[in-house]
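Residue-level structural notes
Spelled out from the first residue to the last, the chains are:
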Amino acid sequence: MDKKRKFKPFDLQRDGRGIGKKEALAPSGLKRFFVTYGNNFTKIVYVNIFMVLGNFPLIFLIATLSGLTKNETLLPMSDLFQNLGFIFSGEANPSPFNMALYSIEGLQNLVRVNTPLTYVFYGISALTMFTFGLVNVGTAYILRNIAMGDPVFAWTDFWYAVRRNWKQALPFGIIDIAINGILIYNIFNMVVGGGGFFGSMLFWCNVVIFVLYFIMRYYIYIQMVTFKLSIVKILKNSMIFALIGMKRNILALLGIVVILVLEVMFLLVTALQPVAVAAPLAILFSTFAYMKVYAAYFKIKEIMIDPYKAEHPELYPESDEEFEVVMRDDVTDRQRLEEIKKQNNID
């Protein structure tokens, strides 16, 4: 009689349920999405942990932006306060008009002042530039394998992808942060600052570019772990896929928006606030990432992988495991499993 498998919630190397033959052969629609998501829920939680811990410097940025490292003080809202105060201080009997003017110009405003700790936290948060691309490439590889129905070993697969793709992931992570930062900064300042017709045009141009780049990111890191392509070609392909895969892309975007709306609603309800706070730490980010990967991978497979295999059947014989492949993870399943076993001392 076989012994029952012990429940180990933090066993990152335990093989998941996978998907059955019918599910594996099913179209890449919503049903398959929910099946693979449910069967690999624990793996997706691990991916979220990798995202949070891998980008830990962002915690320092959030702490700084929340005002945790800043001192609060009151300052006059008007620049005339000091001058008027000096003038009126010499009057023995100030008039009611002067007193009213002085009180209006002397209104105080609560401001947060940076401290030395603030700049230390800003410096630590800058380390995200070196972790962002690596974390994205490692988690994209895991989520792609889940979508494909392949066996997943979260910890090993993560570092496997990082080792094989860090030369591209590291510099592109910096570029990725820069592009997102510039677009978000532009949109925020245009919303706060307002503007006329020209300002409105610039605002909507930035919004369109931001949405387009957001959708392009569905495809960038998947291509990085799947093909041997330059960053320029990856960006070019991602822009094409963002347009030709519009239906899948919009569905993924709507799914992300719906979950974000629910997250905000939970934050506004006192009884549900613990759930809203725990969600980003446990499942929120990896769920967004899986939606994007699921939307992107099957379109990449349809346009790039399947036609190449059809044109070069000699490179993909089922019985021969020693063949040249176009994909980035250029080892056979047997070799990959042997490497995993070796790293984990599995006989």
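Not measured: the values here are computed from a predicted model.

Quick word on the pattern of salt bridges
Counted according to the given criterion, the structure contains 4 salt bridges. Between Glu72 and Arg112 there is a salt bridge, with its nearest N and O atoms 3.4 Å apart. Taken as a pair, Glu72 in strand 1 (residues 71–76) and Arg112 in strand 2 (residues 108–113) lie far apart in primary sequence, 40 residues in all. Between Lys299 and Glu302 there is a salt bridge; the shortest N-O distance is 3.4 Å. Of the two residues, Lys299 and Glu302 are both situated in helix 14 (residues 284–311); the distance of 3 residues between them amounts to about one turn of the helix.

Some details on a nonpolar patch on the surface
Taken together, Met239, Ile240, Leu243, Ile244, Met246, Ile250, Leu251, Leu254 and Ile303 make up a surface patch of nonpolar side chains, about 790 Å² in accessible area. For the nonpolar patch, the secondary-structure elements that each account for two or more residues are helix 11 (231–244) and helix 12 (246–268). Residue position: Leu254 is located in helix 12.

Points about the side chain of Asn136
Tracing the backbone through its elements, the reader meets Asn136 in helix 8 (residues 128–148). Using a relative accessible area of 16% as the deciding quantity, one classes Asn136 as buried. A polar side-chain atom of Asn136 sits 2.9 Å from the main-chain carbonyl oxygen of Phe132. Beyond its immediate stretch of four places on either side in the chain, Asn136 contacts Arg217 and Tyr221.

Observations regarding the layout of surface pockets
Counted as a void, the largest pocket has a volume near 1800 Å³. Lining the largest pocket are 47 residues, and of these Asn55, Leu58, Phe132, Arg217 and Phe285 sit closest to its centre. Considering every element that reaches the lining of the largest pocket, the biggest residue donor is helix 8, with 8 residues. A class-by-class count of the residues in the lining of the largest pocket yields 36 nonpolar, 7 polar and 4 charged.

Quick notes on helix 13 (residues 273–282)
Considered for burial, the residues of helix 13 that qualify are Ala276, Ala279 and Pro280. Buried residues along helix 13 cover an arc of 85 degrees about the axis, so they all sit on one side. In helix 13, those exposed residues whose orientation departs by more than 90 degrees from the buried face are Pro274, Val277 and Leu281. Here the buried face of helix 13 lies against helix 3 (41–54), helix 12 and helix 14.

Quick look at the nonpolar core
Formed by 56 residues in total, the largest nonpolar core has its most connected members in Leu143, Tyr221, Met224 and Tyr290. Of all elements in the fold, only helix 2 (30–39), helix 3, helix 8, helix 9 (154–193), helix 10 (197–226), helix 11, helix 12 and helix 14 reach the threshold of two or more residues within this core. Top element by residues in this core is helix 14. It accounts for 13 residues. Once residues within four sequence positions are removed from consideration, Tyr221 is found in contact with Phe132, Gly133, Asn136, Val137, Ala140, Phe172, Gly173 and Asp176.

So, the packing of aromatic side chains
This structure, assessed with the given rule, holds 21 aromatic pairs. When the centroid spacing of 5.1 Å and the interplanar angle of 80 degrees are considered together, the rings of Phe33 and Phe34 count as edge-to-face. Classification of Phe33 as buried rests on a relative accessible area of 9%. A ring pair is formed by Phe50 and Phe158, whose centres lie 4.9 Å apart and whose planes are at 40 degrees; its orientation type is tilted. Residue Phe50 is located in helix 3, and its partner Phe158 is located in helix 9; the two are separated by 108 residues in the primary sequence.

Concerning the confidence of the model for the protein chain
Per-chain confidence: the protein chain averages 81 in pLDDT, with 73% of residues scoring 70 or above. The model gives residues 1–5 a pLDDT under 50, and that stretch makes 2 contacts with residues more than four places away or in other chains. The low-confidence segment residues 319–328 (pLDDT under 50) makes 26 contacts with residues lying over four places distant or belonging to another chain.

Let's talk about the environment of Thr131
Within the secondary structure, Thr131 is located in helix 8. For the pair Thr131 and Ile174, spaced 43 residues apart in sequence, the C-alpha to C-alpha distance is 8.9 Å. Not counting chain neighbours up to four residues away, the residues in contact with Thr131 comprise Gly54, Asn55 and Pro57. Within the structure, Thr131 has its side chain in polar contact with the side chain of Asn55 (distance 3.1 Å).

Conventions adopted
- Residues numbered from 1 in each chain as written.
- Predicted model: local features only at pLDDT ≥ 70, side-chain atom pairs only at ≥ 80, totals over all residues.
- Heavy atoms only, no water.
- Salt bridge = Lys/Arg side-chain N within 4 Å of Asp/Glu carboxyl O.
- Helix = DSSP H or I, 4+ residues; strand = E, 2+ residues; numbered from the N terminus.
- Patch = residues over 30% accessible without salt bridge, like charges linked within 9 Å, V, L, I, M, F, W, Y side chains within 5 Å.
- Areas by Shrake-Rupley, 256 points an atom, 1.4 Å probe, with all protein chains shown as cover.
- Buried < 20%, exposed > 50% of the residue type's maximum accessible area, 1.4 Å probe, protein only.
- Polar contact = N/O pair within 3.5 Å; in protein donor to acceptor, adjacent residues only side chain to side chain.
- Contact = heavy atoms within 4.5 Å.
- 1 Å grid on protein atoms, 1.4 Å probe; cavity = no way out; pocket = protein on both sides within 12 Å on 5 of 7 lines; lining within 4 Å.
- Points joined across faces, edges and corners; volume = space filled by probe spheres on them.
- Nonpolar A, V, L, I, M, F, W, Y, C, P; charged D, E, K, R; others polar.
- Arc of directions from axis to C-beta.
- Core = buried A, V, L, I, M, F, W, Y, C linked by side-chain atoms within 4.5 Å.
- Phe/Tyr/Trp six-rings, centres within 6.5 Å; stacked < 30°, edge-to-face > 60°.
- pLDDT = per-residue confidence, 0-100.

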